[in-house]
Amino acid sequence: MLSFKPFVNLRLSFRQLKAGHEFLQAAASFSKPHRFVNLNNTVARWSSQHNTQEVITSTVANVKTKRPVRGKKLIQGTVEKTGFWNVVAVATAEEYDLENAYKALNKSDKYKPSDFFLQVYESVAKSNVDNESREIFLFREGSLVAWNVSDAEIKHIIDFVSNFEINQYDNAVVNDEIEVMPYTYSINSKNSLLNKGNICLTQEQDKCSFDKYTFSNGMTISVKLGIWESLLDRYIESLAPLTMDLKMGKRIKISREEMLKKTGELYALKHSINLSSDLLDVPDFYWEREDLEKLYLNTCRYFNIPRRTKVINEKLNHCIELVDLLSSHLSDRHHIRLELMIIALIMIEVAFEIIHYAQVFSQN
């Protein structure tokens with residue numbers, strides 16, 4: 001039986017662990033004839049020195065949830081260092097209609113589309129608050145990355161792209177899965193890199209644009225994967241009552257039609273992750289650009305993309321096994337119902353024949 005209950009990690013404070021270690025050392029040093037007498041004395045002495053209720057309270061207070069919220073609210077923890085700016089990545093839908101978005105941006109008085117490549121639009125602000133430019137990358141996969149853009153302006157951009165969204169995500173999921181990173185410009189290095197969670201861009205303008213795109217691409221992969229992780233967590237929670245009914249031997253309270261929809265929902269999520277995204281392979285754009293490919297792979301490793309992809313696929317496989325089990329159970333129940341109906345019809349027919357022969361017999 002599959003269980004989706006979160007693992008609980010209990011952490012004791014250093015003082016409690018040290019006291020427990022002293023207790024074990026004292027217990028190990030007992031001689032055999034006096035082991036139990038000394039053990040009772042040691043337990044009493046340790047209990048008097050350390051409040052049991054305090055230990056329990058402290059332990060329960062340190063219980064961690066299954067999956068901490070990775071995402072950050074819009075520009076929460078904004079960089080205040082001189083020479084640093086923020087880059088924010090957010091995914092709001094499964095797909096954007098970039099062609100119509102491009103037409104709308106051309107009419108906008110704030111941003112102008114500068115480039116269109118690889119199903120991505122790069123837009124540059126017509127006016128800058130400081131010396132650093134403000135840029136936005138719109139990805140067809142339903143995500144955007146904003147460089148040096150304020151919190152209020154990001155909300156305005158999200159409202160703008162909402163007119164071109166296809167299959168919009170829930171706002172609660174979107175707000176929980178936002179990536180924010182600080183970036184600056186490297187003085188000594190000619191190549192852009194990731195350094196202790198900070199993006200260091202090269203000062204070469206032509207190369208910097210491609211580097212920004214590469215970092216943006218890696219961040220969009222992370223936020224999209226975060227969205228899918230949240231959707232899968234919700235899906236798992238919806239299956240929890242069904243698994244509990246199976247465990248208790250109760251009747252499963254779901255119809256075959258609803259189960260078919262949930263099966264389709266699961267396979268659609270698996271399709272999005274493994275077939276419609278670049279999680280399992282490097283995009284074609286980087287095949288002939290080894291320096292950008294290395295930068296892209298480093299960004300993916302920073303966000304732990306390979307391991308997260310492996311974990312979510314393992315969860316999907318377990319969910320598929322459970323869904324197949326539930327579907328098989330519902331199908332068997334449906335077949336049993338049909339068999340009972342056929343038996344009932346046969347019995348009715350036999351009853352009519354008996355009545356018919358009884359009438360004929362009574363007439364004769």
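Criteria and thresholds
- Residues numbered from 1 in each chain as written.
- Predicted model: local features only at pLDDT ≥ 70, side-chain atom pairs only at ≥ 80, totals over all residues.
- Heavy atoms only, no water.
- Buried < 20%, exposed > 50% of the residue type's maximum accessible area, 1.4 Å probe, protein only.
- Helix = DSSP H or I, 4+ residues; strand = E, 2+ residues; numbered from the N terminus.
- Pairing = 2+ DSSP bridges.
- Polar contact = N/O pair within 3.5 Å; in protein donor to acceptor, adjacent residues only side chain to side chain.
- Phe/Tyr/Trp six-rings, centres within 6.5 Å; stacked < 30°, edge-to-face > 60°.
- Core = buried A, V, L, I, M, F, W, Y, C linked by side-chain atoms within 4.5 Å.
- Patch = residues over 30% accessible without salt bridge, like charges linked within 9 Å, V, L, I, M, F, W, Y side chains within 5 Å.
- Areas by Shrake-Rupley, 256 points an atom, 1.4 Å probe, with all protein chains shown as cover.
- Salt bridge = Lys/Arg side-chain N within 4 Å of Asp/Glu carboxyl O.
- Lys, Arg positive; Asp, Glu negative; His and termini not counted.
- Charge placed at Lys NZ, Arg CZ, Asp CG, Glu CD.
- Axes fitted to C-alpha atoms, helices over the stretch in contact; angles between N-to-C directions.
- Parallel < 35°, antiparallel > 145°, perpendicular 65-115°, else oblique.
- Left-handed = near helix turned anticlockwise from the far one by under 90°.
- pLDDT = per-residue confidence, 0-100.
- Contact = heavy atoms within 4.5 Å.

## Here's the deal with the pairing of strand 6 (residues 143-147)
Counting buried positions over the five residues of strand 6 gives five, a clear majority of the element. Of the strand pairs in this sheet, strand 1 (residues 85-91) and strand 6 are connected by five bridges, and their pairing is antiparallel. Counterpart to V88 in the pairing with strand 6 is A146. The pairing of strand 5 (residues 135-139) with strand 6 spans five bridges and is classified as antiparallel. Within strand 6, the position partnered with L138 by the bridge is L144. Linkage of strand 5 to strand 6, two consecutive antiparallel strands, is achieved through a turn of three residues, within which G142 is found at a positive phi near 90°.

## Remarks on the environment of R134
Here R134 lies in the loop between strand 4 (120-125) and strand 5. We classify R134 as buried; its relative accessible area is 9%. For the pair R134 and N148, spaced 14 residues apart in sequence, the C-alpha to C-alpha distance is 5.1 Å. A polar contact is formed between the side chain of R134 and the side chain of E153, at a distance of 2.5 Å.

## Side note on unusual backbone geometry
A negative phi angle characterises most non-glycine residues, just as the trans form characterises most peptide bonds. The backbone phi angle of N167 is positive, close to 60°, even though this residue is not glycine. Counting through the fold element by element, N167 comes out in strand 7 (residues 165-168). Residue N304 is not a glycine yet carries a positive backbone phi of 60°. With respect to the helices, strands and loops of the structure, N304 is situated in the loop between helix 9 (290-302) and helix 10 (305-363). Look at N304 and you get partly exposed, because its relative accessible area is 38%.

## Some points on the packing of aromatic side chains
If you walk through the whole model with that rule in mind, you get 13 aromatic pairs. Between Y213 and Y286, the ring centres sit 6.5 Å apart and the planes meet at 25°, which makes this aromatic pair stacked. Here the residue Y213 occupies a position in helix 7 (residues 205-248), and Y286 occupies one in the loop between helix 8 (256-274) and helix 9, the gap between them amounting to 73 residues. For Y213, a relative accessible area of 4% translates into the label buried. Here Y302 and F303 contribute two aromatic rings whose centre-to-centre distance is 5.1 Å and whose plane-to-plane angle is 80°, an arrangement assigned as edge-to-face. Judged by relative accessible area, which is 9%, F303 ranks as buried. Pairwise contacts between aromatic rings join F137, F139, F210, Y213, F285, Y286 and Y296 into one cluster.

## Thoughts on the side chain of N148
Of note, N148 is situated in the loop between strand 6 and helix 5 (151-161). Among the residues examined, N148 registers a relative accessible area of 14% and is labelled buried. A distance of 3.5 Å separates a polar atom in the side chain of N148 from the backbone oxygen of S133.

## Re the nonpolar core
Buried together is how nonpolar side chains tend to be arranged in soluble globular proteins. One finds V87, L138, W147, I199, W228, L232 and L266 to be the most contacted residues of the largest nonpolar core, which totals 71 residues. Take this core: its biggest share by element is 14 residues, from helix 7.

## Some details on a nonpolar patch on the surface
The grouping of I336, L340, I343 and M347 at the surface amounts to a nonpolar patch, some 410 Å² of accessible area in total. Turning to its location among the elements, L340 is positioned in helix 10. Accessibility expressed as a relative area gives 53% for L340, which makes it exposed.

## Let's talk about a negative patch on the surface
Where like charges cluster on the molecular surface, the negative patch consists of E94, E95, E141, D278, D281 and D284. For D284, the position within the fold is in the loop between helix 8 and helix 9. Here D284 falls in the exposed class, since its relative accessible area comes to 57%.

## Side note on the pattern of salt bridges
Enumeration over the complete set of coordinates arrives at seven salt bridges. Residue K212 is joined to E135 by a salt bridge in which the shortest nitrogen-to-oxygen separation is 2.7 Å. Of this pair, K212 sits in helix 7 while E135 sits in strand 5; the two residues are 77 residues apart in sequence, bridging distant segments of the chain. Exposure class is identical for K212 and E135. Each is buried. Between K315 and D233 there is a salt bridge; the shortest N-O distance is 3.9 Å. Of the two residues, K315 is situated in helix 10 and D233 in helix 7; the sequence distance between them amounts to 82 residues.

## Focus: the packing of helix 8 against helix 10
For the pair helix 8 and helix 10, interaxial distance at closest approach is 10 Å and the crossing angle is 160°. Judged on the interaxial angle alone, helix 10 and helix 8 are roughly antiparallel. Between helix 8 and helix 10 lies a crossing of left-handed hand.

## Considering the confidence of the model for the protein chain
Of the residues in the protein chain, 73% reach a pLDDT of 70 or more, and the chain-wide mean stands at 76. Confidence, read as mean pLDDT per element, is least for helix 3 (residues 52-61) in the protein chain (38) and greatest for strand 1 (94). A low-confidence stretch, residues 1-21 stays under pLDDT 50, and its non-local contacts, those more than four residues away or across chains, total 31 contacts. Note on residues 26-77: pLDDT under 50 across the span, and 67 contacts to partners over four residues away in sequence or across chains.

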